[in-house]
2 protein chains.
Amino acid sequence: MLDTRSQILHKNFEAIHRNGFQGVRADKVVAEMGITKGALYHYFPNKFDLGYAIIDEIVAPHYLSLWQPLEHAQKGFAQVIYEVLDRYRSFVATEEQVILGCPLTNLTQEMPPLDEGFRVRLYRVTSRMQQQIETGLKKAQLSGEFKLDFNPTQVAFFYLSSIEGGFSVAKAMQSRAVFEMVVSQLKQLTDGLKS
Amino acid sequence: MLDTRSQILHKNFEAIHRNGFQGVRADKVVAEMGITKGALYHYFPNKFDLGYAIIDEIVAPHYLSLWQPLEHAQKGFAQVIYEVLDRYRSFVATEEQVILGCPLTNLTQEMPPLDEGFRVRLYRVTSRMQQQIETGLKKAQLSGEFKLDFNPTQVAFFYLSSIEGGFSVAKAMQSRAVFEMVVSQLKQLTDGLKS
DNA sequence: AGGTAAACATACTAATTGGTATGTCAAGTT
DNA sequence: AACTTGACATACCAATTAGTATGTTTACCT
């Protein structure tokens, strides 16, 4: 059983995932948790700082650990990214997950224009993910696994964009199959990089 | 000069683009317009029906006309999609547009889990866009412009996903250059389809 | 035992918000 | 001229919401 603070973080993370940050109602979340606003405002000074903590302690670690193997694993890039893509696939295993979409993508759409604190945090996470992919691509070029005739920076951003967009389109279509198609295309793209 | 109803639609479209649907405050929008809520609720019964009208009369026509040339133009697919991609590029011409992102993507992230009326409308637009691309790809395969060894349905979804994701990542990075990179990659992908 | 501080619960408030009820006025219609 | 209707403006309300002020209880420290 988690301590109260962690519970607050996770329940509000789910609420944000479902309703967006602006759609979260502190009253309702604490009511569902069986606690009161006293507890909430004991741990977090206000709604935005709660949101920041959710990014720092839940969202960022999750996504960064997801892509980390690209930088450090001994296996080939292709194999590692296949595994990452499959972890994304299992992430959208249920239809409900398809409808709710990617938490990071959702936040990235909603918050940067509205709040600086969110903006810098989402910038850092995205930037870090891109770096991880780019580093992996460069390693694969150096090792001879991949050709040299592509721009690792560009391709890294393209991976990220396609995955995030895949969540978005799958959500619009309410179709897990759509996300699978995007993953499939990304695997083909990866194969095309091989030398 | 537009009539009042059209003005309401366009101003609220901008407000949604900036704040999200849940973030739009009717009071503020009408105040900025120099009208009153009397006018707003004279033309629209409630906030959601206003949102529906914005999709039906502004968002959907815009995106469908954007992709329409793929289905009907006499030119080759590659040339047409280059033009479409360039229209997207000019759409994110200013830094502000980068920060605000793609109106369709934004709405697709925010609304489908919250409201059925939005969900069906956003489904229709996305579905229709995919059809337009898929039809174009099939025509290109029949004409011999493109190879036959790819799945037009999949590739069509991939185009859409990458573009929408490009908006999202460019927004997170606050960088127009990121979107340009995605467009560049999509052009290369298009060239790879040629026979 | 007495004191202190963390961890909450209870009760309340001030501001906001979507929506409504009602009024006004000008342009047609009969 | 009397009447209706569309196009708004004004004034108002009930509900919601983030946040606060003030208990209360438990664990720990001395």
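Residues numbered from 1 in each chain as written. Chains lettered and ligands numbered in written order. Predicted model: local features only at pLDDT ≥ 70, side-chain atom pairs only at ≥ 80, totals over all residues. Heavy atoms only, no water.

## Section: the relation of the copies chain A and chain B
Then, in step 1: Mapping chain A onto chain B calls for a screw motion: a turn of 180° about the axis and a shift of 0.0 Å along it, with 0.0 Å RMSD after fitting. Overall, the copies show the geometry of a two-fold rotation axis.
Then, in step 2: Both copies contact each other with a shared surface, as 100% of the interface residues of chain A are interface residues in chain B too. (Least-squares fit on C-alpha atoms with pLDDT ≥ 70 in both. Contact = heavy atoms within 4.5 Å.)

## So, the pattern of salt bridges
All names here are of chain B.
Then, in step 1: Across all of its chains, the model carries 26 salt bridges over all chains by this definition.
Then, in step 2: For arginine 89, the salt bridge identified is with glutamate 180, shortest N-O distance 2.7 Å. Pair noted here: arginine 89 is in helix H6 (residues 77–91) and glutamate 180 is in helix H11 (residues 176–193), with a separation of 91 residues, a long-range link.
Then, in step 3: Arginine 89 gets classed as partly exposed once you look at its relative accessible area, which sits at 27%.
Then, in step 4: With a relative accessible area of 22%, glutamate 180 lands in the partly exposed category.
Then, in step 5: Where glutamate 134 meets lysine 138, a salt bridge forms, and the shortest distance between an N and an O atom there is 2.9 Å. Here glutamate 134 and its partner lysine 138 are both found in helix H9 (residues 116–143), 4 residues apart, which amounts to about one turn of the helix.
Then, in step 6: Under the relative-accessibility criterion, glutamate 134 is labelled buried at 13%. (Salt bridge = Lys/Arg side-chain N within 4 Å of Asp/Glu carboxyl O. Helix = DSSP H or I, 4+ residues; strand = E, 2+ residues; numbered from the N terminus. Buried < 20%, exposed > 50% of the residue type's maximum accessible area, 1.4 Å probe, protein only.)

## Looking at the interface of chain A and chain B
Then, in step 1: Counting from both sides, the interface comprises 41 residues of chain A and, opposite them, 41 residues of chain B.
Then, in step 2: Between chain A and chain B the total buried area reaches about 3800 Å² when both faces are included, carbon and sulfur atoms providing 65% of it.
Then, in step 3: Our enumeration of links across chain A and chain B arrives at 0 salt bridges.
Then, in step 4: The set of elements that each furnish at least two residues to the side of chain A that touches chain B consists of helix H1 (4–19), helix H7 (95–100), helix H8 (103–110), helix H9 (116–142), helix H10 (152–173) and helix H11 (176–193) of chain A.
Then, in step 5: Looking at the side of chain A that touches chain B, the element that brings in the most residues is H10(A), giving 16 residues.
Then, in step 6: Tallied by class, the residues present in the side of chain A that touches chain B amount to 17 nonpolar, 20 polar and 4 charged. (Buried area = accessible area lost by both parts, 1.4 Å probe. Nonpolar A, V, L, I, M, F, W, Y, C, P; charged D, E, K, R; others polar.)

## With respect to a positive patch on the surface
Then, in step 1: Side chains of Arg25(A), Lys28(A), Arg25(B) and Lys28(B) sit close together on the surface and give a patch of like positive charge.
Then, in step 2: With respect to the helices and strands, the residue Lys28(B) is situated in helix H2 (residues 26–33). (Patch = residues over 30% accessible without salt bridge, like charges linked within 9 Å, V, L, I, M, F, W, Y side chains within 5 Å. Areas by Shrake-Rupley, 256 points an atom, 1.4 Å probe, with all protein chains shown as cover. Lys, Arg positive; Asp, Glu negative; His and termini not counted. Charge placed at Lys NZ, Arg CZ, Asp CG, Glu CD.)

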